[in-house]
Amino acid sequence: MTDNVQFARMNGLGNKILVVDMRGRKDRVTPAAAIALNADPATAFDQIMAIHDPKAAGTDAWIDIVNCDGSMAQACGNGTRCVVQALAAETGKKAFTFQTIAGILNATEHEDGTISVDMGKPVFAWDKIPLAEEFADTSRIELQIGPIDNPVLHSPSAMSMGNPHAIFWVDKDPMSFDLDRFGPLLENHPMFPERANITLAQVLSPSSLRTRTWERGAGLTLACGSAACAAAVSAARTGRTGRKVTIDVASAPAPAKLTIEWREHDDHVVMTGPAEWEWSGTLNPTTGIWQRDAAEAGGARAL
């Protein structure tokens, strides 16, 4: 077994992703490698999507999802779109089925280059999110930041999209809040025994939201696909919007948007949006030592 593997630096609406090809190997990307890669500005990332050989019949790959602090994540919709784009370029296929620790994900690349990922069913039961306290209705839980008589953020909607989320509803631009200050406190709040993704969501219309997310294990991120799904579902669940919305990700570097549909017929959440290839290289999955490939003529898109 050689020491190095191929990887691609990509992004999903600004969500910084490293897609790492671990197929044909038994080892994994180590937490030490992830931390080392994130410490280098050239390879700093939100999630590593490590593609492994499939473990179950009928699936195309097993995907390990690694946060920049070395911890494991259950879901990453933006990263899944990046995996689809890379594998579609390599294989010519348009539809894929992946397995993660959170379950099965189906994804399709469309003719216009956008990619849809079926993120599965949302989970609302307090002990499955999980929360530390029992709530009969998790669409609004008791939690706040700031003075008790004038909180800055309060009463979030809580749910799981394979990973725990808290959606705080705000009536002004999410970029106007000090999320870099509140985010760590809320991510690690005792209410969330497995920590949580923290999202600020502003309702723009019955079919559109504007969001910003502090991502569990990654921090202040430019975009988070599962958080966009959680915001869309929570908005529909609380009567703020319909079941299909456009998400304007406030922190994304480009004015692209995500479309989220919470399907009524099967309860699944489908996210559609872009992915972008930046460059490729090789890395050591044990140490994180890496090297960039020579300039890619035409912007190659296959691992």
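Since this is a predicted model, take the numbers as computed values, not measurements.

Conventions and cut-offs
Residues numbered from 1 in each chain as written. Predicted model: local features only at pLDDT ≥ 70, side-chain atom pairs only at ≥ 80, totals over all residues. Heavy atoms only, no water. Helix = DSSP H or I, 4+ residues; strand = E, 2+ residues; numbered from the N terminus. Core = buried A, V, L, I, M, F, W, Y, C linked by side-chain atoms within 4.5 Å. Buried < 20%, exposed > 50% of the residue type's maximum accessible area, 1.4 Å probe, protein only. Contact = heavy atoms within 4.5 Å. Expected span 1.5 Å × (residues − 1). Salt bridge = Lys/Arg side-chain N within 4 Å of Asp/Glu carboxyl O. Phe/Tyr/Trp six-rings, centres within 6.5 Å; stacked < 30°, edge-to-face > 60°. Lys NZ or Arg CZ within 6 Å of the ring centre and 35° of its normal. Pairing = 2+ DSSP bridges. 1 Å grid on protein atoms, 1.4 Å probe; cavity = no way out; pocket = protein on both sides within 12 Å on 5 of 7 lines; lining within 4 Å. Points joined across faces, edges and corners; volume = space filled by probe spheres on them. Nonpolar A, V, L, I, M, F, W, Y, C, P; charged D, E, K, R; others polar.

Asks: Can you walk me through the environment of proline 285 in this structure?
Replies: Among the secondary structure elements, proline 285 is positioned in the loop between β19 (276-283) and β20 (290-292). Taking C-alpha positions, proline 285 is 43 Å from threonine 241, a pair spaced 44 residues apart along the chain.

Asks: For this particular structure, what's the right way to read the nonpolar core?
Replies: The nonpolar side chains of a soluble globular protein tend to be buried, and buried together. Val19, Ile247 and Ile260 are the most contacted members of the largest nonpolar core, which totals 52 residues. With 8 residues, helix α4 (residues 225-237) is the single largest residue contributor to this core. Setting aside its immediate chain neighbours within four residues, isoleucine 260 contacts Ala228, Cys229, Ala232, Arg243, Lys244, Val245, Ile247, Val269, Val270 and Met271. In terms of nonpolar packing, the next biggest core, distinct from the first, is built from 21 residues, Phe135, Ala166, Phe168 and Phe182 among them.

Asks: Would you explain unusual backbone geometry in this entry?
Replies: The phi torsion of most residues other than glycine is negative, and most of the peptide bonds are trans. Here the amide bond leading from isoleucine 129 into proline 130 is cis, since omega sits at -5°, within 30 degrees of zero. You can see proline 130 is positioned in the loop between β8 (115-118) and β9 (144-145). Positive phi is not limited to glycine here, since leucine 13 has a value of about 60°. Of note in this structure, aspartate 267 is not a glycine but carries a positive phi near 70°. What makes aspartate 267 partly exposed here is its relative accessible area of 26%.

Asks: Please clarify how helix α2 (residues 77-91) should be interpreted in this entry.
Replies: An α-helix turns once per 3.6 residues; consequently, residues spaced three or four apart project the same way. Taking 1.5 Å per residue as the helical rise, α2 with its 15 residues ought to reach 21 Å, and the 21 Å between its terminal C-alpha atoms agrees with that figure. Those residues of α2 that fall on the buried side of the exposure criterion are Gly77, Asn78, Gly79, Thr80, Arg81, Cys82, Val83, Val84, Gln85, Ala86, Leu87 and Ala88. Directly after α2, the chain includes glycine 92, whose backbone phi takes a positive value near 85°.

Asks: Would you mind showing me how to read the pattern of salt bridges here?
Replies: Any two side chains of opposite charge can pair if their charged atoms end up close together. With the rule as written, the count across this model stands at 15 salt bridges. Among the ionic pairs, aspartate 137 bridges to arginine 237, the shortest N-O distance being 4.0 Å. Of the two residues, aspartate 137 sits in the loop between β8 and β9 while arginine 237 sits in helix α4, which places them 100 residues apart along the sequence. Accessibility expressed as a relative area gives 43% for aspartate 137, which makes it partly exposed. With its nearest N and O atoms 2.8 Å apart, the salt bridge here joins aspartate 248 to arginine 210. Of this pair, aspartate 248 sits in strand β16 (residues 244-249) while arginine 210 sits in strand β14 (residues 208-215), and the two are 38 residues apart along the sequence. Among the charged side chains, a salt-bridge network with shared partners connects Asp21, Arg23 and Glu90.

Asks: Just to check I follow, could you spell out the packing of aromatic side chains for this structure?
Replies: Centre distance and the angle of the planes are the two values used to describe a pair of aromatic rings. Taken as a whole and judged by the stated rule, the model has 5 aromatic pairs. On the numbers, 5.6 Å between centres and 75° between planes, the contact of phenylalanine 7 with tryptophan 279 is edge-to-face. Placement of phenylalanine 7 in strand β1 (residues 5-12) and of tryptophan 279 in strand β19 is noted, with a sequence separation of 272 residues between them. Residue phenylalanine 7 is classed as buried on the basis of its relative accessible area of 0%. Residue tryptophan 279 is classed as buried on the basis of its relative accessible area of 9%. Ring centres of phenylalanine 7 and tryptophan 290 lie 6.5 Å apart, and the angle between their planes is 90°; this geometry places the pair in the edge-to-face category. Note that phenylalanine 7 is positioned in strand β1 and tryptophan 290 in strand β20, a separation of 283 residues in sequence. Put simply, the rings of Phe7, Trp279 and Trp290 pair up and form one aromatic cluster. Between the NZ or CZ atom of arginine 243 and the centre of the ring of tryptophan 262, over which it lies, the distance is 4.0 Å.

Asks: Where do I start with the pairing of strand β12 (residues 164-169) in this structure?
Replies: Walk down a regular strand and you will see the side chains alternate between the two sheet faces. The buried fraction of β12 is high, at 6 of 6 residues. The side-chain alternation of β12 yields two buried faces, one formed by Pro164, Ala166 and Phe168 and the other by His165, Ile167 and Trp169. Taken together, the 4 bridges between strand β11 (residues 157-160) and β12 define a ladder with antiparallel strand orientation. Residue pairing in the sheet places alanine 158 in a bridge with alanine 166 of β12. Here β11 folds back onto β12 in antiparallel fashion, the turn holding 3 residues, of which glycine 162 has a positive phi close to 90°. Pairing of β12 with strand β13 (residues 197-205) involves 5 bridges; the strand directions are parallel.

Asks: Is there a simple way to think about the layout of surface pockets in this case?
Replies: One water molecule sets the probe size; rolling that probe over the atoms shows where empty space is left. Looking at the largest pocket, its volume works out to about 150 Å³. In terms of lining residues, the largest pocket is bounded by 14 residues, among which Ala102, Leu105, Met119, Met161 and Gly162 are the most central. For the lining of the largest pocket, the element with the most residues is strand β7 (residues 103-109), which contributes 3 residues. Residues of the lining of the largest pocket, tallied by class, amount to 7 nonpolar, 6 polar and 1 charged.

Asks: Please explain the pairing of strand β18 (residues 269-273) as it appears in this structure.
Replies: Burial within β18 is extensive, with 4 of its 5 residues counted as buried. Note: β8 against β18, 4 bridges, orientation antiparallel. From the neighbouring strand, aspartate 118 faces β18, where its bridge partner is valine 270. In this sheet, β18 lies alongside strand β17 (residues 258-262) in antiparallel orientation, the contact comprising 4 bridges.

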